[in-house]
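# Structure at a glance
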Amino acid sequence: MTERSLRADPFAAFRGLTPARIGLGRSGDAILTQDLLALQMAHARARDAIHAAADFAQLARQLADLKPVVVQSRAPDRAAYLLNPDLGRQLDPTAAAELPSGSADVAFVLGDGLSASALDTHGEPVLRACLARLGQFSVARPVLARQARVALGDEIGERLGAKIVVMLLGERPGLSVPDSLGAYLTYAPRKGRRDSERNCVSNIHASGLAHEQAADKICWLIREALRRGVTGIELKDEAEASAQSRLP
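Now for a look at the structure at hand. (Residues numbered from 1 in each chain as written. Predicted model: local features only at pLDDT ≥ 70, side-chain atom pairs only at ≥ 80, totals over all residues. Heavy atoms only, no water.)

Mapped onto the elements, Gly161 comes out in the loop between α8 (152–160) and β6 (162–170). Not counting chain neighbours up to four residues away, the residues in contact with Gly161 comprise Gly102, Ser103 and Ala104. (Helix = DSSP H or I, 4+ residues; strand = E, 2+ residues; numbered from the N terminus. Contact = heavy atoms within 4.5 Å.)

Right, let's get into the nonpolar core. Within soluble globular proteins, side chains that are nonpolar generally end up buried alongside one another. In this structure, Phe108, Leu110, Val166, Leu168, Ile218 and Ile222 are the most contacted members of the largest nonpolar core, which totals 36 residues. Those elements that provide at least two residues to this core are α4 (56–62), β4 (104–111), α7 (116–131), β6, β7 (181–187), β8 (198–204) and α9 (211–228). Looking at this core, the element that brings in the most residues is α9, giving nine residues. Apart from the residues within four sequence positions on either side, Ile222 is in contact with Val106, Phe108, Leu134, Ile164, Val166 and Leu185. In this structure, Val69, Ala104, Ala162 and Tyr184 belong to the second largest nonpolar core, which totals 22 residues. (Core = buried A, V, L, I, M, F, W, Y, C linked by side-chain atoms within 4.5 Å. Buried < 20%, exposed > 50% of the residue type's maximum accessible area, 1.4 Å probe, protein only.)

In terms of strand pairing, strand β3 (residues 69–72) meets strand β5 (residues 143–146) through four bridges, oriented parallel. Bridging from a neighbouring strand, Val69 pairs with Val143 of β5. In this sheet, β5 lies alongside β4 in parallel orientation, the contact comprising three bridges. Looking across to β5, one finds that Gly111 is bridged to Ala145. (Pairing = 2+ DSSP bridges.)

The next thing to look at is the sheet that holds β3. If you walk across this open sheet you meet the six strands as β3-β5-β4-β6-β7-β8, and the pairing is mixed. In this open sheet, the two edge strands, each paired with only one partner strand, are β3 and β8. Neighbour to neighbour, the strand axes of the sheet diverge by 20 degrees on average, direction disregarded. Contacting β4, β6, β7 and β8, α7 runs over the sheet at an angle of about 165 degrees to β4. Along the sheet, α8 makes contact with β3, β4, β5, β6, β7 and β8, crossing β6 at roughly 145 degrees. (Axes fitted to C-alpha atoms, helices over the stretch in contact; angles between N-to-C directions.)

Summed over the entire model, instances satisfying the criterion amount to 15 salt bridges. When the shortest N-O distance is used, the salt bridge between Arg128 and Glu124 registers 3.1 Å. Here the residue Arg128 and the residue Glu124 both occupy positions in helix α7, the gap between them amounting to four residues, near one helical turn. Residue classification places Arg128 among the partly exposed positions, given a relative accessible area of 26%. Between Arg198 and Asp195 there is a salt bridge whose closest N-O contact spans 3.2 Å. A relative accessible area of 9% means that Arg198 is categorised as buried. A residue is classified by how much of its surface remains accessible, and Asp195, at 63% relative accessible area, is exposed. A cluster of three or more residues bridged by salt bridges with shared partners is formed by Asp65, Glu124 and Arg128. (Salt bridge = Lys/Arg side-chain N within 4 Å of Asp/Glu carboxyl O.)

Structure follows, in structure tokens:
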């Protein structure tokens, strides 16, 4: 980029480093048409991600070897889920009977959340990457949860008898990334757990945390949570510092 072009558009170099909309051009008191159209497209993609239905049938086929269990929250449809968030935090009574009883170190729940495309794109590979790192632990059959919010994992994990539950959930889409997946970890899951009692690994998507990187962080937190008996504000993500300390 030439010095002349930098003077003409001093924000050009920054836009190459971030998807954020900074230093947009304008014509009079309006932004440029190309920027307006790009913003409208991003908004449409975010709306589509929220209102679309995740392909649970395809996800169940991808995970057939793990014998997943499919359940639903108390939200009967997407409209109810969006209008009454609390319904997405409670397990449908008929679905509860489908969950196998038992005990396990770890339970994974894969939910649509607020981005169906995030679950469709990243759910299966992130789960597989985590399982490849957890060979020393017992893992319950994965649960696929429709119309799910984070807290739904607490009741599911409790019914499965898991020591820790990991909820892989589509995050609220933004105007830069409509398909970001988050992982929420709760030790000793049970109904009524607070958000301060969870850890979160967020921004799992093509321009954020890669699947393998996310699995490294998630599994470090799982191991430490099981060792210390806590998650949330009492457990900090020190995975990178721990790895550095082992270097010769």
